[in-house]
Each structure stands twice: as C-alpha cells, then as structure tokens.
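Understanding the architecture of this molecule
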Amino acid sequence: WQVNTIRSDLSNLAQAANAVVTGAEVEERSAHNRMEMLILAGQLFRAYPIAGVGATGWDRAVADQIRTSGPDTALDEAFNQPHNQFANDFAKGGLLRGLGGLAMLLVPLFVFLKRHPFRPGEKSVAPLLGALTCVAYFAFCLTESVMDLSLTASIYSMLIFYLIASAEGAPLSTPKAGRAA
C-alpha cells in the first residue's frame, strides 16, 4: 500500500514537473478513481447486503474491475478501500457493519442534540462541541475510511465520551479551586 502511495506521488510529481517545463496538461484521476470505487461499493452492497464481501472480497472485486473494465472506467491501482467510510462499511460488512458505523456517528449526535446545544449559556458548550465533533467526523467519513484507522477511531471515541460526560455535568476543564498556583 505505501509503495503504491509513493509511486503515485512520484508519478504526480513527474507529471507536474513535465507540465511546468513543457506546458503539458496534468491528468487528475483521483475523482475518477473515487467515483469508480463508489460504484463498485454500491454493486457489492447490492449483491451482498447482509454481511458484505469482507476485505478479501473487496480486493478481488477491485482486481476484477481493473482487469475487465475499459481504460475510461478502470481503476488506476488496487485500492484497499473506497475512500468513503460508509461505502467501505456497507460493501465490506453489509447492513451489519454499515448500520453499526452509522450508529457510531448518529447516536452521539442525537444525544448531544437532545441536550440543547444552541441555547444560550455555559451548559450548551459541551453539547455544541459534541454535535460539532459528530458532524465533522461524519463529513470526514465521506472522503476517507477514517474509522478503519485505530488512531482516528480512538480519538473520536475519547472526544465523544469526554463531551458526553461534560454534557452531563462533568467539568470541561480542571476546576479553578484545584489548580496549582
């Protein structure tokens, strides 16, 4: 995977350098690849809606897509996930994983919205920060499979639990009386 990333970056750098020197156009294929992966993820989900195809099934489907598609629709390389958390969850894990992934983002959002994040006063700070965190991660999940990475999933979980505790009355920071001078 990292070798492909380096190869891709070097290819992009070479294309950009060539464009500067010769005036040639740079071919941007990221949007094409992402669209083709979303199409593939949708096909896999429709074919295996309950439990998905798993990581191995995704890898096989990507290899088949590259081998059998024409030059206008073939992926440029064998991506290990579709760069969209929701497409990744539903393609690889079907409804079981997809609904769980959505719940991980939407249930905390519901909890924060029930605590009135837009009311005036200090009591709205934690619910507002929590709702904003959920929405930000939701948007990020549209562009990457961030919850597959343990660090981003851990950061999200820690933020959510800390902010839920704060929304329930735990202090957002150390109380002034407990601070060292």
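The coordinates are above.
Residues numbered from 1 in each chain as written. Predicted model: local features only at pLDDT ≥ 70, side-chain atom pairs only at ≥ 80, totals over all residues. Heavy atoms only, no water.

A word on the packing of helix α4 (residues 85-114) against helix α5 (residues 125-141). Between α4 and α5, the shortest axis-to-axis distance is 8 Å and the interhelical angle comes to 165 degrees. As judged from the angle between their axes, α4 and α5 are roughly antiparallel. In this structure, the crossing between α4 and α5 has a hand that is left-handed. Between α4 and α5, the residues in contact are Gln-85, Phe-86, Leu-102, Leu-105, Leu-106, Pro-108, Leu-109, Phe-112 and Leu-113 and Ala-126, Pro-127, Gly-130, Ala-131, Cys-134, Val-135, Tyr-137, Phe-138 and Cys-141, respectively. Residues belonging to the contact of α4 with α5 are distributed by class as follows: 16 nonpolar, two polar and no charged. (Axes fitted to C-alpha atoms, helices over the stretch in contact; angles between N-to-C directions. Helix = DSSP H or I, 4+ residues; strand = E, 2+ residues; numbered from the N terminus. Parallel < 35°, antiparallel > 145°, perpendicular 65-115°, else oblique. Left-handed = near helix turned anticlockwise from the far one by under 90°. Contact = heavy atoms within 4.5 Å. Nonpolar A, V, L, I, M, F, W, Y, C, P; charged D, E, K, R; others polar.)

Before going further, it helps to spend a moment on the pattern of salt bridges. One pass over the full model with this rule turns up four salt bridges. Glu-144 is the salt-bridge partner of Arg-34, the closest N and O atoms lying 3.3 Å from each other. Pair noted here: Arg-34 is in helix α2 (residues 30-47) and Glu-144 is in the loop between α5 and α6 (150-167), with a separation of 110 residues, a long-range link. Residue Arg-34 is classed as partly exposed on the basis of its relative accessible area, which comes to 29%. Accessibility expressed as a relative area gives 22% for Glu-144, which makes it partly exposed. For the salt bridge of Arg-67 with Asp-64, the shortest nitrogen-to-oxygen distance reads 2.6 Å. Linking Arg-67 with Asp-64, this pair stays in helix α3 (residues 54-68), spanning three residues, or about one helical turn. According to the relative accessible area criterion, Arg-67 is exposed, its value standing at 59%. Note on Asp-64: relative accessible area 35%, which makes it partly exposed. (Salt bridge = Lys/Arg side-chain N within 4 Å of Asp/Glu carboxyl O. Buried < 20%, exposed > 50% of the residue type's maximum accessible area, 1.4 Å probe, protein only.)

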